[in-house]
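Below, each chain spelled out in residue letters.
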Amino acid sequence: MMQKHYAKPGEVMYHTGLTKEMLEGAEYALVPGDPGRVEGLAKALDPAAEFVTSHREFTSWLARLNGQPVLVMSTGMGGPCITFAVEELARLGVRTFIRVGTTGSLREDLNLGDVVISKAAVRMDGASRAYAPIAYPAVPDLDVTLALRQAAEELQVPFKLGVTVTTDSFWPGQERYDSFGGYVVRRLQGSLKEWQTLGCSNYEMEAATLFTLTSVLGLRAGAICGVVAKRTDSESVAPPDVYRAAEKRFQVVARRALELLLAWQGAAR
Ligand code: URA
């Protein structure tokens, strides 16, 4: 049995700069990677959302959705960064995390601007290995995932449920040759094709770490990402208009999923 460590009243979390009081009891958090995405997400939940604090890569806003406080906090990019977010937000009382971000699709039928909801993730990250042996599965919470799926269906957002490949490197880790050095180590040459053959849907850089940590810590998580690169066509990332279209989609889906989760919370399931 793990001995959990909660924050004391007034204690400031070292990396995120947050205290329990700042969260006003929030048990739900939306966690994008990009600090620049936080304000828009928070205001999509609640036009009266307010800035809380910003420290390193962690920018926080607090929104209210159906009367419930919801924290929106950026995590920065990659597995190590998201461990700070989970560790410190858990101490402050957050129990449910929804990652919203961007991704590169591995499937022909997943187009730029579409959305992927992760049903599992491949642990090609390093950070999650500090929390569980590699044989431990990186799976999201079932209710959070079902809420994301129902939300996407209701809103008629084009989406797929898929197995996400989480890597620690955007370039060689995702078998991109358009890096500065242009080289992919032999171990990763052919890896893109292999993930496709194994039916994986997308590349990104945080989901497996988030799922492993939340699972071993008795928390909940889900992930929804907008497609900004289509790896069946090219290595490049799409122009800003595609990014903005994907962002609008994951904003509305995340909002509706939170509403569903809040409604289900009160009901026996
Ligand atoms: N994020 C990634 O990690 N990979 C992509 O191709 C696009 C976004």
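Predicted, not measured: the structure shown is a model, and the values here were computed from it. (Residues numbered from 1 in each chain as written. Predicted model: local features only at pLDDT ≥ 70, side-chain atom pairs only at ≥ 80, totals over all residues. Heavy atoms only, no water.)

As a further point, take unusual backbone geometry. Look at Glu24: it is not a glycine, yet its phi comes out positive at around 50 degrees. Structurally, Glu24 can be placed in the loop between α1 (20-23) and β1 (28-32). Even without a glycine there, the phi angle at Gln156 is positive, about 55 degrees. Inspection of the secondary structure assignment puts Gln156 in the loop between α4 (142-154) and β7 (159-167). Residue Gln156 is classed as exposed on the basis of its relative accessible area, which comes to 72%. (Helix = DSSP H or I, 4+ residues; strand = E, 2+ residues; numbered from the N terminus. Buried < 20%, exposed > 50% of the residue type's maximum accessible area, 1.4 Å probe, protein only.)

A separate point is helix α2 (residues 38-45). For α2, the set of buried residues is Val38, Leu41, Ala42 and Leu45. For α2, the angular spread of the buried residues around the axis is 95 degrees, confining them to a single face. On its buried face, α2 sits against β1, β3 (58-65), β4 (68-73), β5 (96-105) and α7 (240-266). (Arc of directions from axis to C-beta. Contact = heavy atoms within 4.5 Å.)

Burial of β3 is extensive: seven of the eight residues sit out of reach of the surface. Bridging between strand β2 (residues 50-55) and β3 involves five bridges; their strand directions are antiparallel. Across the sheet, the residue bridging to Ser54 is Thr59, located in β3. In textbook terms, the turn of a hairpin is the stretch between consecutive antiparallel strands, and for β2 and β3 this stretch comprises two residues, one of which, Arg56, has a positive phi near 50 degrees. Of the pairings in the sheet, the one linking β3 to β4 comprises six bridges and is antiparallel in character. Paired with Arg64 across the two strands is Pro69, which belongs to β4. Between β3 and β4, which pair antiparallel in sequence order, lie two residues; one of them, Asn66, sits at a positive phi of approximately 50 degrees. (Pairing = 2+ DSSP bridges.)

This brings us to the side chain of Glu88. For Glu88, the position within the fold is in helix α3 (residues 79-91). The charged side chain of Glu88 is buried without a salt bridge, its nearest counter-charge being Arg91 at 6.9 Å. Contacts of Glu88, omitting those with residues within four sequence positions, involve Met13, Tyr14, His15 and Thr16. (Lys, Arg positive; Asp, Glu negative; His and termini not counted. Salt bridge = Lys/Arg side-chain N within 4 Å of Asp/Glu carboxyl O.)

Before going further, it helps to examine the site of the ligand. The full set of residues close to the ligand is Thr102, Thr103, Gly104, Phe170, Gln174, Arg176, Tyr203, Glu204, Met205, Val228 and Ala229. Here a nitrogen atom of the ligand and a side-chain polar atom of Gln174 are 2.8 Å apart. A distance of 2.6 Å separates an oxygen atom of the ligand from a polar atom in the side chain of Arg176. Burial of the ligand by the protein chains amounts to 93% of its free accessible area of 240 Å². Elements supplying a minimum of two residues to the shell around the ligand: β5, β8 (202-204) and β9 (220-230). Looking at the shell around the ligand element by element, the count peaks at three residues for β5. (Near = heavy atom within 4 Å. Polar contact = N/O pair within 3.5 Å; in protein donor to acceptor, adjacent residues only side chain to side chain. Areas by Shrake-Rupley, 256 points an atom, 1.4 Å probe, with all protein chains shown as cover.)

Residues Leu30, Leu45, Ile98, Leu148, Ile224 and Leu258 are the most contacted members of the largest nonpolar core, which totals 33 residues. Among the secondary structure elements, those contributing two or more residues to this core are β1, α2, β3, β4, β5, β6 (115-124), α4 and α7. The next biggest cluster of nonpolar side chains, apart from the first, holds 32 residues, and it includes Val31, Phe97, Ala121 and Ala208. (Core = buried A, V, L, I, M, F, W, Y, C linked by side-chain atoms within 4.5 Å.)

Turning to the packing of α3 against helix α6 (residues 207-216), a few remarks are in order. Two elements in contact, α3 and α6, have axes whose closest approach is 9 Å; the angle formed by their N-to-C orientations is 35 degrees. Relative to α6, α3 is oriented so that their crossing is right-handed. In this structure, α3 contributes Gly79, Ile82, Thr83 and Val86 to the contact, and α6 contributes Thr209, Leu210, Leu213 and Thr214. By residue class, the composition of the contact of α3 with α6 is four nonpolar, four polar and no charged. (Axes fitted to C-alpha atoms, helices over the stretch in contact; angles between N-to-C directions. Left-handed = near helix turned anticlockwise from the far one by under 90°. Nonpolar A, V, L, I, M, F, W, Y, C, P; charged D, E, K, R; others polar.)

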